[in-house]
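As a plain string of letters, each chain reads:
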Amino acid sequence: MNFTQQYAQYKQMVEEALKALPFDGAPEKLREAMRYSLLSGGKRLRGVLVLAACEAAGGSAEAALPFACAVEMIHAYSLIHDDLPSMDNDTLRRGKPTNHIVFGEGMAILAGDGLLSHAFEVMAAVQSANAFRALGMMAKAAGVSGMLAGQTLDITLEGTSPAADIVRKIHLGKTAALLTAPVTAGLALAGADEKTIAAGEKYGKNLGLAFQIVDDLLDLEGDAALMGKTLGKDAQEGKITWPASVGVPQARLDAAGFIDEAVQALDGLEIKAEFLQALAKDTLHRVQ
Ligand code: GRG
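Throughout what follows, the structure given in this document is the object of discussion. From a predicted model like this one, the values you see are computed outputs, not experimental measurements.

In terms of regular secondary structure, the protein is built from 15 helices and two strands. A compact globule built from 288 residues should have a C-alpha radius of gyration of about 19 Å, and the protein, at 18 Å, falls within 12% of that. Seen through its principal axes, the protein has C-alpha atoms that stretch 50 × 45 × 35 Å. Across the 288 residues that make up the protein, the buried fraction comes to 53%. Considering only contacts within the protein whose residues lie at least 6 apart along the sequence, 73% involve residues at least 24 apart. Working note: accessible area of the protein is about 12700 Å², and carbon and sulfur atoms make up 55% of it. Each charge class in the protein was averaged separately, 26 positive and 35 negative side chains, and the resulting centres sit 1 Å apart.

Evaluation of the coordinates by the stated rule reveals one cavity of 30 Å³ or more. Considering the residues around the largest cavity, the lining is formed by 13 residues, among which Ser37, Ser40, Arg93, Thr98 and Asn99 are closest to the centre. Counting residues per element, the ones that place at least two in the lining of the largest cavity are helix 2 (28-38), helix 4 (65-82) and strand 2 (96-97). Here the lining of the largest cavity gets three residues from one element, more than from any other, and that element is helix 4.

Once that is clear, we can look at the packing of helix 3 (residues 45-56) against helix 4. Where helix 3 meets helix 4, the axes come as close as 8 Å, and the angle between the chain directions of the two elements is 155°. Classed by the angle they form, the pair helix 3 and helix 4 counts as roughly antiparallel. The way helix 3 lies across helix 4 gives a crossing that is right-handed. In this structure, helix 3 contributes Leu45, Arg46, Gly47, Val50 and Leu51 to the contact, and helix 4 contributes Leu65, Phe67, Ala68, Val71, Glu72 and His75. Class assignment of the residues belonging to the contact of helix 3 with helix 4 gives a composition of seven nonpolar, two polar and two charged.

Close to the ligand lie 19 residues; Lys43, Arg46, His75, Asp82 and Arg94 are nearest. At 2.7 Å from an oxygen atom of the ligand is found a side-chain nitrogen or oxygen belonging to Arg46. In isolation the ligand offers 710 Å² of accessible surface; the protein chains occlude 92% of this area. Here the element with the most residues in the shell around the ligand is helix 4; it accounts for six residues. Across the shell around the ligand, the residue classes break down as six nonpolar, seven polar and six charged.

Turning our eyes to something else, we now look at helix 3. Between its first and last C-alpha atoms helix 3 spans 16 Å; for 12 residues at 1.5 Å apiece the expected length is 16 Å, and the two agree. Burial analysis of helix 3 places 11 of its 12 residues in the buried class, the great majority of the element. Summarising the contacts, the buried residues of helix 3 are in contact with helix 1 (3-19), helix 4, helix 7 (129-142), helix 9 (164-189), helix 10 (194-221) and helix 15 (274-283). Once helix 3 ends, the next one or two residues include Gly58, with phi positive near 95°.

To continue, consider the layout of surface pockets. Think of a ball as big as a water molecule: rolled over the atoms, this probe shows where empty space is left. A volume near 450 Å³ is recorded for the second largest pocket. Forming the boundary of the second largest pocket are 21 residues, of which Lys140, Ala177, Thr180, Glu201 and Lys205 lie nearest the centre. Breaking the lining of the second largest pocket down by element, the ones donating at least two residues are helix 7, helix 8 (147-156), helix 9 and helix 10. In the lining of the second largest pocket, the residues fall into 10 nonpolar, six polar and five charged.

A positive phi angle is found at Arg44, which is not glycine, with a value near 60°. Mapped onto the elements of the fold, Arg44 is located in the loop between helix 2 and helix 3. Accessibility expressed as a relative area gives 2% for Arg44, which makes it buried. One non-glycine residue with positive phi stands out, namely Gln127, at about 50°. For Gln127, the position within the fold is in the loop between helix 6 (105-124) and helix 7. For Gln127, a relative accessible area of 70% translates into the label exposed.

Turning next to the packing of aromatic side chains. For the structure on display, the rule yields six aromatic pairs. For the pair Phe3 and Phe275, a centre-to-centre distance of 5.0 Å together with 35° between the ring planes defines the contact as tilted. Here Phe3, found in helix 1, pairs with Phe275, found in helix 15; they are 272 residues apart in sequence, far enough to count as distant. Relative to Phe103, the ring of Tyr36 lies with its centre 5.4 Å away and its plane at 70°, an arrangement referred to as edge-to-face. Taken together, the positions of Tyr36 in helix 2 and Phe103 in helix 5 (residues 99-103) put the pair 67 residues apart, joining distant regions of the chain. Ring-pair connections join several aromatic residues into one group, and the members of that group are Phe3, Tyr7, Tyr10 and Phe275. Sitting above the plane of the Phe211 ring, Arg286 keeps its charged end 3.7 Å from the centroid.

Conventions we followed
- Residues numbered from 1 in each chain as written.
- Predicted model: local features only at pLDDT ≥ 70, side-chain atom pairs only at ≥ 80, totals over all residues.
- Heavy atoms only, no water.
- Helix = DSSP H or I, 4+ residues; strand = E, 2+ residues; numbered from the N terminus.
- Rg over C-alpha atoms; globule rule 2.2 N^0.38 Å.
- Buried < 20%, exposed > 50% of the residue type's maximum accessible area, 1.4 Å probe, protein only.
- Contact = heavy atoms within 4.5 Å.
- Areas by Shrake-Rupley, 256 points an atom, 1.4 Å probe, with all protein chains shown as cover.
- Lys, Arg positive; Asp, Glu negative; His and termini not counted.
- Charge placed at Lys NZ, Arg CZ, Asp CG, Glu CD.
- 1 Å grid on protein atoms, 1.4 Å probe; cavity = no way out; pocket = protein on both sides within 12 Å on 5 of 7 lines; lining within 4 Å.
- Points joined across faces, edges and corners; volume = space filled by probe spheres on them.
- Axes fitted to C-alpha atoms, helices over the stretch in contact; angles between N-to-C directions.
- Parallel < 35°, antiparallel > 145°, perpendicular 65-115°, else oblique.
- Left-handed = near helix turned anticlockwise from the far one by under 90°.
- Nonpolar A, V, L, I, M, F, W, Y, C, P; charged D, E, K, R; others polar.
- Near = heavy atom within 4 Å.
- Polar contact = N/O pair within 3.5 Å; in protein donor to acceptor, adjacent residues only side chain to side chain.
- Expected span 1.5 Å × (residues − 1).
- Phe/Tyr/Trp six-rings, centres within 6.5 Å; stacked < 30°, edge-to-face > 60°.
- Lys NZ or Arg CZ within 6 Å of the ring centre and 35° of its normal.

Pasting the structure below:
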């Protein structure tokens, strides 16, 4: 199976598992609002990373599915809340009207909260020592020193031109945290050792930095239909981005450099790293 076929297979597993989530006990309106965003497409990159990392370290992708669903729920929550009028005020996401446009602001807040807390319910239900460790990694990535730290810096520094190390810190929190945790959690679920998990962390951080730079570049010069969102807003609104900080040519070079680092991080380990390395290289050329 080549990289594209393997990605499609993992993605389909994630998609089917997400569709099957019952959200037991949720009022119908809440379930509808959560499912609207959760099942609205997307590359399922974070879920795929969980399955791939777990298999790379000798675990089963099937057994890692609750964590793949959980990270996609956390991701969907962050997108719903980020699109709110009080945050980025976006009306289009994944080619569809954003959650608050369809369900109203109150329900969008609740749908995001619901997805975040349900992610932890689903992970906690696995009940093994490895799962407990993986859950901690997800909590940290989503939490005050991870995604929320990045978003806080982003909001509070908006309209300024921070130094490159601060831009890096924002990208590490806002984006790389939720691309690193699926890798380290997937490895932890398979019982990987410390050295392998540390390498997975290095891979995830570099992948995350490159992923966000490419996202910033696509905002400048990508195809809005493929991206499924309004483009050009970063420049218009003076957002803090890597290309704005170092210029477009340097941003391209930096993204390629981070991908090289990500690939090298997994060299020489006793895991099957080929798929994860191919995924990192593919990130440089993504168009959506
Ligand atoms: C907690 C409100 C809150 C925000 C946290 C994650 C985040 C900060 C904001 C969401 C918007 C954003 C610019 C995130 C950066 C990461 C990123 C590029 C997300 C888009 O991820 P993709 O391209 O999306 O994987 P799909 O639709 O493919 O799942």
